[in-house]
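Commentary on secondary and tertiary structure
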Amino acid sequence: MTDVLIVGAGPAGLLLATELRLAGVGVVVVERHAQRPSLCRGFNLNARALDLLARRGLAERLVGEGRQVPHAAFSGLPVTLTLAGTHTDHPYSLGIAQTRVEEVLEERALALGADIRYGHELRALEQDSESVTATLTTADGEHRLQAAYLAGCDGGRSTVRTQAGISFPGTPATRFSLLGDVELADPEALPFGPHTGPGGSVFAIPRPGYVRIITADPQPPADKDTPVTLDLLQTAVDDALARHVELRAARWLTRFGDAARLAAEYVRGRVVLAGDAAHIHPPAGAIGVNVALDDAFNLGWKLAATVRGTAPAHLLDSYHAERHTAGAHVLANTRAQVLLGEAEDRLGPLTDLLTRVTAHPAGNRAFAEIITGLDTRYATRPDSGHPWLGRLAPDLALTTPQGPTRLAQLLTRGRGLLLDLTVGGTVRESATGWADRVDSVTATCPAHPELHALLLRPDGHTAWLRTAGDDSTDGLHEALRHWYGAAAPPDAGTTAPYGSRTARRAS
Ligand SMILES: Cc1cc2nc3c(=O)[nH]c(=O)nc-3n(C[C@H](O)[C@H](O)[C@H](O)COP(=O)(O)OP(=O)(O)OC[C@H]3O[C@@H](n4cnc5c(N)ncnc54)[C@H](O)[C@@H]3O)c2cc1C
């Protein structure tokens, strides 16, 4: 018996494990592979993912290891989107291997006490009103594991999604690409970037020791899982470029399509979905890892509060409301990129129009924020209309009685935060009933003298805000109750969460 069983040790599963452990929730992660993959799928973290990881102190070391690219592309539009001036503390895309991100997340999850079991494959699950029972296979045979909640972070072909009976509506793949991590006989033959020939184009991404080659699959087989051979990739590359570029020593050959699907329910009873298990989309914009992290970050504190018994009734459902909407936006923008990439005359006027829109700084910024998820804004209660409400609050430089700090630093504990910037700290007293769930900090913020107080969710999104001219605490209690549940009775103390179920259940 554990609090949460996470199926899948990819980016979503590993970040969710760290978030749950941070909140003291028991976690077992099962991964069907015997060890972490050596093959690397993704190569980037975008601005939004870096902002989120920074709120747990996880971005800095990764930023120090990767290359910063201060712009982005919208496939199909001949424009460069600049990230400077967007709503982020990290105005760039970071070139870093997905395998390295997973390594860092796993290290953190283990350090926080997560139990990660490789070589464990989920085969079936059953849930009732009290728990979920998973049937797992290992080299030793079949095992059963019971959990209060089960998180399906098991990728696009999610067994959890199927077993839970969650439908996955959307559009099937109509186009396929071949991918090969290979060596080139002539290392200079295909430098980084697109190479267009009479028969099509080939994208080359040089990596240490190999080159990733991507080109259209001209004749995908009826069974799309049919293995890709080096000969097939060689022929596709040569035909596209109408010249021979010798490929050798393939270390990974695969095929991927442009299917777009979104789980109908991110939460069904005691089963939740995150990452590719909840959504698949065309690869345009290279965003899969980033959205998976975004889901896990949104889910972690909500699921933890639900397990601990402090969550208001709607909290877990707000995960579906917020991230299903975000998933729909990802599907829409990646599908739009595929459409615009089609060389069809009738799309010409649309391409011209959007190119003109992105020539305006505001239009360029809007596109950049849409494809990176920086435009994410969750509904708040109450909503005073301030532009920061619902959005990730910037990493403000602050001075507290303990000395200088930053907003992101104050969030690393994974708890709610009431930042009281009033002279004399008059707002924080209003939140004493939530002291077991919300840290209250008095500070000054020289860059924003107009701010009086901010309430942040554990994921750093602004839930309530007061500025100069309105120094009342109207709405603060409503916001606290909305995200954190009822105030604790005056004698409940601050360490044990009010109404903790974890404490009551043998784990
Ligand atoms: C070729 C390629 C290139 C990509 N490039 C990029 C990129 O540049 N940038 C980017 O952001 N994204 C990229 N992506 C997408 C990205 O890799 C995925 O979106 C991301 O890995 C999703 O993370 P996840 O944790 O949801 O799922 P996954 O990373 O797929 O992890 C799921 C895990 O669950 C395990 N699992 C599955 N079933 C079971 C089971 N029944 N029991 C136990 N374990 C199970 C799997 O073994 C796997 O380890 C790329 C994808 C591909 C295929």
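Residues numbered from 1 in each chain as written. Predicted model: local features only at pLDDT ≥ 70, side-chain atom pairs only at ≥ 80, totals over all residues. Heavy atoms only, no water.

Under an unreviewed UniProt entry, the name given to the protein is Monooxygenase, and the source organism is Streptomyces mangrovisoli. UniProt's Cofactor (unreviewed entry) comment on the protein is quoted here verbatim: "FAD". (UniProt positions renumbered as here; feature names shortened; annotations may be inferred.)

Points about the overall build of the protein
In terms of regular secondary structure, the protein is built from 12 helices and 27 strands. Here the protein has a C-alpha radius of gyration of 24 Å; the compact-globule value for 507 residues is 23 Å, and the two agree. Each principal axis of the C-alpha distribution contributes one length, and for the protein these read about 75 × 60 × 40 Å. Looking at the protein as a whole, 53% of its 507 residues are labelled buried. Side chains of the protein give 48 positive and 56 negative charges; the mean places of these two sets differ by 3 Å. (Helix = DSSP H or I, 4+ residues; strand = E, 2+ residues; numbered from the N terminus. Rg over C-alpha atoms; globule rule 2.2 N^0.38 Å. Buried < 20%, exposed > 50% of the residue type's maximum accessible area, 1.4 Å probe, protein only. Lys, Arg positive; Asp, Glu negative; His and termini not counted. Charge placed at Lys NZ, Arg CZ, Asp CG, Glu CD.)

Section: the pattern of salt bridges
In this structure the tally under the stated criterion is 27 salt bridges. Close ionic contact of glutamate 65 with arginine 100 constitutes a salt bridge, the shortest N to O distance being 2.7 Å. Of the two residues, glutamate 65 sits in the loop between helix 3 (59-63) and strand 4 (67-69) while arginine 100 sits in helix 4 (residues 98-111), which places them 35 residues apart along the sequence. For glutamate 65, a relative accessible area of 43% puts it in the partly exposed group. (Salt bridge = Lys/Arg side-chain N within 4 Å of Asp/Glu carboxyl O.)

A word on the environment of leucine 52
Take leucine 52: it is sitting in helix 2 (residues 47-54). Not counting chain neighbours up to four residues away, the residues in contact with leucine 52 comprise Asp294, Phe297, Leu392, Asp459 and His461. (Contact = heavy atoms within 4.5 Å.)

A short note on the site of the ligand
Taken together, the neighbourhood of the ligand is formed by 32 residues, with Glu31, Arg41, Asn44, Gln98 and Asp276 sitting nearest. Between arginine 41 and the ligand, the recorded distance is 2.6 Å, taken from a side-chain N or O atom to an oxygen atom. Here an oxygen atom of the ligand and a backbone polar atom of glycine 288 are 3.1 Å apart. Protein contacts shield 87% of the accessible area of the ligand, which totals 990 Å² for the unbound molecule. The element contributing the most residues to the shell around the ligand is helix 7 (residues 288-308), with 4 residues. In the shell around the ligand, the residues fall into 14 nonpolar, 12 polar and 6 charged. (Near = heavy atom within 4 Å. Polar contact = N/O pair within 3.5 Å; in protein donor to acceptor, adjacent residues only side chain to side chain. Areas by Shrake-Rupley, 256 points an atom, 1.4 Å probe, with all protein chains shown as cover. Nonpolar A, V, L, I, M, F, W, Y, C, P; charged D, E, K, R; others polar.)

Notes on the pairing of strand 10 (residues 132-138)
Most of strand 10 is tucked away: 7 of the 7 residues are buried. Neither face of strand 10 is left uncovered, since the one carrying Val132, Ala134, Leu136 and Thr138 and the one carrying Thr133, Thr135 and Thr137 both have all their residues buried. Sheet topology places strand 9 (residues 121-127) next to strand 10; 6 bridges connect them, and they run antiparallel. Looking at strand 10, one finds that glutamate 126 is bridged to threonine 133. Of the strand pairs in this sheet, strand 10 and strand 11 (residues 141-152) are connected by 7 bridges, and their pairing is antiparallel. Each residue of the ladder has a partner; that of threonine 135, found in strand 11, is arginine 144. (Pairing = 2+ DSSP bridges.)

Points about the sheet that holds strand 21 (residues 279-280)
Strands sit in the order 12-18-21 across an open sheet of 3 strands; the sheet is antiparallel. Strand pairing shows two members of the sheet lacking a second neighbour, strand 12 (170-171) and strand 21, which therefore form its edges. Note that strand 18 (residues 260-262) and strand 21 share 2 bridges and pair antiparallel. Residue pairing for strand 21: arginine 261 is matched across the bridge by isoleucine 280.

Some points on the side chain of histidine 195
Within the secondary structure, histidine 195 sits in strand 14 (residues 193-197). You can call histidine 195 buried: its relative accessible area is 14%. Within polar-contact distance, the side chain of histidine 195 engages the backbone oxygen of proline 191 at 2.6 Å.

Some points on the state of the cysteines
Under the defined criterion, the tally for this structure stands at 0 disulfides. Free of any disulfide, cysteine 40 has its nearest neighbouring cysteine sulfur in cysteine 153, separated by 19 Å. For cysteine 40, a relative accessible area of 6% puts it in the buried group. (Disulfide = S-S within 2.5 Å.)

Topic: the nonpolar core
Leu5, Ile6, Leu20, Leu45, Leu53, Leu150 and Leu303 are the most contacted members of the largest nonpolar core, which has 75 residues in total. For this core, the leading source of residues is helix 7, giving 9 residues. Setting aside its immediate chain neighbours within four residues, leucine 303 contacts Val4, Leu20, Tyr149, Val272 and Leu316. The next biggest cluster of nonpolar side chains, apart from the first, holds 18 residues, and it includes Trp388, Val441, Cys445 and Leu465. (Core = buried A, V, L, I, M, F, W, Y, C linked by side-chain atoms within 4.5 Å.)

Side note on the side chain of glutamine 234
Looking at the secondary structure, you find glutamine 234 in helix 6 (residues 230-241). Since its relative accessible area comes to 12%, glutamine 234 is described here as buried. For glutamine 234, the side chain forms a polar contact with the main-chain nitrogen of leucine 247, separated by 2.9 Å. When residues no more than four places from it in sequence are discounted, the contact partners of glutamine 234 are His244, Val245, Glu246 and Leu247.

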